[in-house]
Amino acid sequence: MYRKIPYIITLIIPVFFFSCNATKYVPDNGYLLNSYKIEAKEGAYNKKELHDYIKQKPNKRIIFWKFYLSLYNLSSPQKDNGFNNWLRRIGEPPVVYDQELREKSLEQLTLYMRNKGFYEVNVSDTTEFKKDRVRVIYRINPNQPYRIRDITYFFEDANLSSLVLADTASGRFRSGELFDVDALQKERIRIETVLRDHGYYAFTRDFIYYEVDSALYSHQMDVTLGIRNFPKRNSSGRIERTAHPLYTIRDVHIVTDDDALSFKSRNDSIFLPRDTLLYDSIHLVYVKKPNIRPSVVTQKNYIIPHELFDASDVQRTYRNLSSLSAFRMVDIRFHEVDAERPMLDCEVLAVPSTRQSYMVKLEGTNSGGNIGAAANISYQHRNLFGGSEQFDLSFLGAIETLMKTDNEQDSLYRGLNLMQEFGVEARLRIPKFLLPFRTDQFIRKYNPQTNIRLSYNYQKRPDYIRTLANASFGYDWKASEKLIHRVYPLEASLILTPFKSRDFQDWLEGKYLYYSYEPHLIIDSRYSMIWSNQKPLKNQNFQNIRLNLETAGNLLYAGFSAFAPVPDSGNFQLLGVDFAQYLKADIDIRNYIFLYEDVSLVLRGFAGVGYAFGNSAAMPFEKQYFSGGANSIRAWQVKGLGPGSYDDPEKSAYPNQTGDVKLEANMEYRFRLFWKLEAALFLDVGNIWSLSAEDDRLGAGFDINRFYKELAVGTGVGTRAVFSFFVFRFDLGVPLRNPFPVEGANWLPGNAGVSGKDLTYNIAIGYPF
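Criteria and thresholds
- Residues numbered from 1 in each chain as written.
- Predicted model: local features only at pLDDT ≥ 70, side-chain atom pairs only at ≥ 80, totals over all residues.
- Heavy atoms only, no water.
- Pairing = 2+ DSSP bridges.
- Helix = DSSP H or I, 4+ residues; strand = E, 2+ residues; numbered from the N terminus.
- 1 Å grid on protein atoms, 1.4 Å probe; cavity = no way out; pocket = protein on both sides within 12 Å on 5 of 7 lines; lining within 4 Å.
- Points joined across faces, edges and corners; volume = space filled by probe spheres on them.
- Nonpolar A, V, L, I, M, F, W, Y, C, P; charged D, E, K, R; others polar.
- Buried < 20%, exposed > 50% of the residue type's maximum accessible area, 1.4 Å probe, protein only.
- Arc of directions from axis to C-beta.
- Expected span 1.5 Å × (residues − 1).
- Contact = heavy atoms within 4.5 Å.
- Polar contact = N/O pair within 3.5 Å; in protein donor to acceptor, adjacent residues only side chain to side chain.
- Core = buried A, V, L, I, M, F, W, Y, C linked by side-chain atoms within 4.5 Å.
- Phe/Tyr/Trp six-rings, centres within 6.5 Å; stacked < 30°, edge-to-face > 60°.
- Lys NZ or Arg CZ within 6 Å of the ring centre and 35° of its normal.
- Axes fitted to C-alpha atoms, helices over the stretch in contact; angles between N-to-C directions.
- Salt bridge = Lys/Arg side-chain N within 4 Å of Asp/Glu carboxyl O.

A. The pairing of strand E25 (residues 582-594), seen in detail. One ladder, built from 11 bridges, connects strand E22 (residues 542-552) with E25; its direction is antiparallel. When the sheet's bridge partners are listed, Glu-550 is paired in E25 with Lys-584. With 13 bridges connecting them, E25 and strand E26 (residues 599-612) associate as antiparallel partners. Pairing of Asn-591 across the sheet is with Leu-603, part of E26. What sits between E25 and E26 in their antiparallel hairpin is a turn of four residues.

Below is the structure:
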């Protein structure tokens, strides 16, 4: 049995009690729509889409509980005051069964199935009444569908035929496929896209029509797809149909100056104001002098004079220019030169960003129960050298109280346990590849970026002082709308520990963790791939995959081994410091499932492994994995879990829970409460392990036959305040299963129990994943 029940549960009891009387405000002779079900026989259609055509749905559930209806039922309709009005506003009134909406659902389901080619569908329903509640069952028997037998194309303008017919195999509009109205509409969109990408600026899908012959009595249809000619007014003022005009770009003007934009706003026609620079056949419009180098703008531009209009090139240009930090907004307009000639003038309005800004951020921190405060001062320049280079400079300062240790007599702070951290970081983002050869076409196509980073961090604790200097150089580019690549060919980190207390040194002596606190140099290369099918501003299911690969020290070790004698210590050194050698790889997979408008389920899986060899006896401490904390297993403190079944007897003294292998799975059920507040229920499973045979921590090693028995399990509840610019999060974690036995059992409920001291609270900014 649990020793204590968290007091927060007592807040839920009144709401749950009223949920038992869900029909409290259902009118007399009315019925609460408790649930519905769709029973559909197998067929070539998407059963999930059927739910979109149900016109009346029951009250939303949080798992099994109609939470919002329960909130509404807490109100009193006889009382018109702030509290009761608030409950009715954030709650959800009971959904009273409506026969007309049920019949409309039947009509919509029938229409949907017919649009999918099932013209002989049979849709029926059954209504089950039980006391003051009702359940509706919709039954769908699709019967034999209609399919496309033959497709005929009719072009009034024969010039279009080769473009339209070149890619007909890419869609579902083919002989033998279902006669799907949505597929016909997608074919219209495909044709419009193809033609607008080949110079037909004035073409729209409205020129496309279908004629269908279904008088075959064999569940087959013959389809004719026709394209009308372009309407044009002749000299006498009458409309006549002619071939579709093929448009060419005449001039391109790119306005990149605030003053020029202001001047342009007073004149709606294409113009050449006081200052115009012709660069790579592009007119750059400005006042006094350009605020950005012409080459940077033209490298991002796909709209080229004297070439055919291409709608996809317009989108690429918009994407590329919008990615430049020097611009905060981009607008692309086209103007027909005259009615007689199919030529276009293009005008790109690029509104400059504020060049320089700074921000001061103060925050409270809680790391595993250690309370602290942090301040961050950042400066940003969005066009440092006139090439849209974004420069960021930030200064960090933090102080945090630490749990008292048993080794305070030799502490840096006698009687006071504090951790101080100071850091500075400089980043430079350049919107192109810094390479010794021209990459103009690559820049246009993939919108690459070069990243240079320098940082220094100083940490001062009672038991040691650690400094970390880092420099990195790398590239990233967007291979497609879903895929991003990041390559860092060179990154160097120098980690020094200039002070270790006597007790800390004695404690480290002979331990595996000893190597992590020795001075070391990391020169690594790494690659990341990020894939996501998320669509902007849409609550649609999506997935994210992040893959990381990293290697360090291999080339250095090969060079030293070939040309230098092995030192007495057994480790080669660079600049008087041992350099690290290892391989590391991990993958993070996330699935976001939207159940309702304000209810979602997020699943996450993580697997990672790092292996030290050659010049290193252990993975560098900074590169090891840890578990626990606000973005991991939330029922344990940061670095307070594992590795394996190891039970640290000095938890409050030294944080040594790091490892070479990490497995983790998370599930979070999110739902809106009211105003800007959300709530979450979560379940976390995972742990870390060591791969080194020298690791002296009992039970820390990874064993394929044992690791699943050492998985920790935690659950909990959380709240989030969701604002437009940040998310403030509080999670309360409850351990369910320890990786090592407690009072004879790993599972805590029903055995050792869970007390208040076992609860872990996490305060953080942003969602955990």
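B. Main features of empty space enclosed by the protein. Per the counting criterion, the structure on display carries five cavities of 30 Å³ or more. In this structure, the largest cavity encloses a volume near 70 Å³. Taken together, Ile-249, Tyr-302, Ile-303, Ile-304, Glu-307, Leu-308, Phe-309, Asp-310, Asp-313, Val-314 and Phe-334 form the lining of the largest cavity. Here the residues of the lining of the largest cavity are counted per class, giving eight nonpolar, no polar and three charged.

C. Seen up close, helix H3 (residues 82-90). For H3, every residue scored as buried is listed here: Asn-84, Leu-87 and Ile-90. The buried residues of H3 occupy one face: seen down the axis, they fall within an arc of 140 degrees. Exposed residues pointing more than 90 degrees away from the buried face of H3 are listed as Gly-82 and Arg-89.

D. Spatial organisation of helix H6 (residues 181-196). Counted at 1.5 Å a residue, the expected span for H6 with its 16 residues is 22 Å, and the 23 Å between its end C-alpha atoms agrees. For H6, the full list of buried residues reads Ala-183, Leu-184, Glu-187, Arg-188, Arg-190, Ile-191, Glu-192, Val-194 and Leu-195. The inward-facing, buried residues of H6 contact strand E4 (147-155), helix H5 (161-165), strand E5 (208-213) and strand E6 (220-227). One side-chain oxygen of the residue at the start of H6 lies 2.9 Å from the amide nitrogen of Asp-182, identifying that residue as Asp-180.

E. How the structure looks around the nonpolar core. Ile-303, Phe-309, Phe-327, Ile-332 and Phe-334 are the most contacted members of the largest nonpolar core, which has 24 residues in total. Contributing elements (two or more residues each) for this core: strand E9 (248-255), strand E11 (282-286), helix H8 (294-299), helix H9 (311-322), strand E12 (327-336) and strand E13 (343-352). For Ile-303, the residues in contact, after removing those within four places along its chain, are Ile-249, Val-252, Ile-282, Asp-313, Val-314, Thr-317, Ile-332, Phe-334 and Cys-346.

F. Highlighting the packing of aromatic side chains. Going through the model one piece at a time under the given rule, you end up with 40 aromatic pairs. Where Tyr-36 meets Tyr-138, the ring centres are 6.4 Å apart and the plane angle is 70 degrees; that geometry is what we call edge-to-face. Taken together, the residues Tyr-36 in strand E1 (residues 32-40) and Tyr-138 in strand E3 (residues 133-141) connect sequence positions 102 residues apart. Accessibility expressed as a relative area gives 3% for Tyr-138, which makes it buried. Measuring from centroid to centroid gives 6.1 Å for Tyr-669 and Phe-671, while their planes differ by 55 degrees, and the two rings are tilted. In this pair, the class of Tyr-669 matches that of Phe-671, namely buried. Ring-pair connections join several aromatic residues into one group, and the members of that group are Trp-65, Phe-67, Tyr-68, Tyr-669 and Phe-671. Directly above the aromatic system of Tyr-302 lies the positively charged group of Arg-316, at a separation of 5.5 Å from the ring centroid. The aromatic ring of Phe-626 is capped on one face by Lys-639, whose charged end is 5.5 Å from the ring centroid.

G. How the structure looks around the sheet that holds strand E2 (residues 122-130). Spatial ordering of the open sheet is given by E1-E3-E2, a layout of three strands whose pairing is mixed. Whereas interior strands pair on both sides, the edge strands pair on one side only; in this sheet they are E1 and E2. Between one strand axis and the next, the sheet turns through 15 degrees on average, direction left out of account. In this structure, E2 lies alongside E3, joined through nine bridges in antiparallel fashion. Bridge pairing in E3 links Phe-129 to Val-134.

H. Highlighting the environment of Asp-476. Relative to the helices and strands, Asp-476 is located in strand E19 (residues 464-478). Overall, the relative accessible area of 15% leaves Asp-476 in the buried class. Between the alpha carbons of Asp-476 and Met-529 there is a distance of 9.6 Å; along the sequence they are 53 residues apart. Sequence-distant contacts of Asp-476, defined by excluding residues within four places in its chain, comprise Phe-433, Pro-448, Gln-449, Asn-451, His-485 and Arg-486.

I. Quick look at the sheet that holds E11. Here we have five strands laid out as an open sheet, ordered E10-E11-E9-E13-E12, and mixed in their pairing. Either end of the sheet is taken by a strand with one partner, and the two such strands are strand E10 (275-279) and E12. Across the sheet, the axes of successive neighbouring strands diverge by a mean angle of 20 degrees, strand direction being ignored. When E9 meets E11, the two strands line up parallel, connected through three bridges. Considered in E11, the bridge of His-253 is made with His-283. Relative to E12, H9 is tilted by about 155 degrees, and along the sheet it contacts E12 and E13.

J. Main features of the pattern of salt bridges. The final tally for this structure, using the stated rule, is 42 salt bridges. In this structure, the salt-bridge partner of Arg-729 is Asp-731, at a minimum N-O distance of 2.7 Å.

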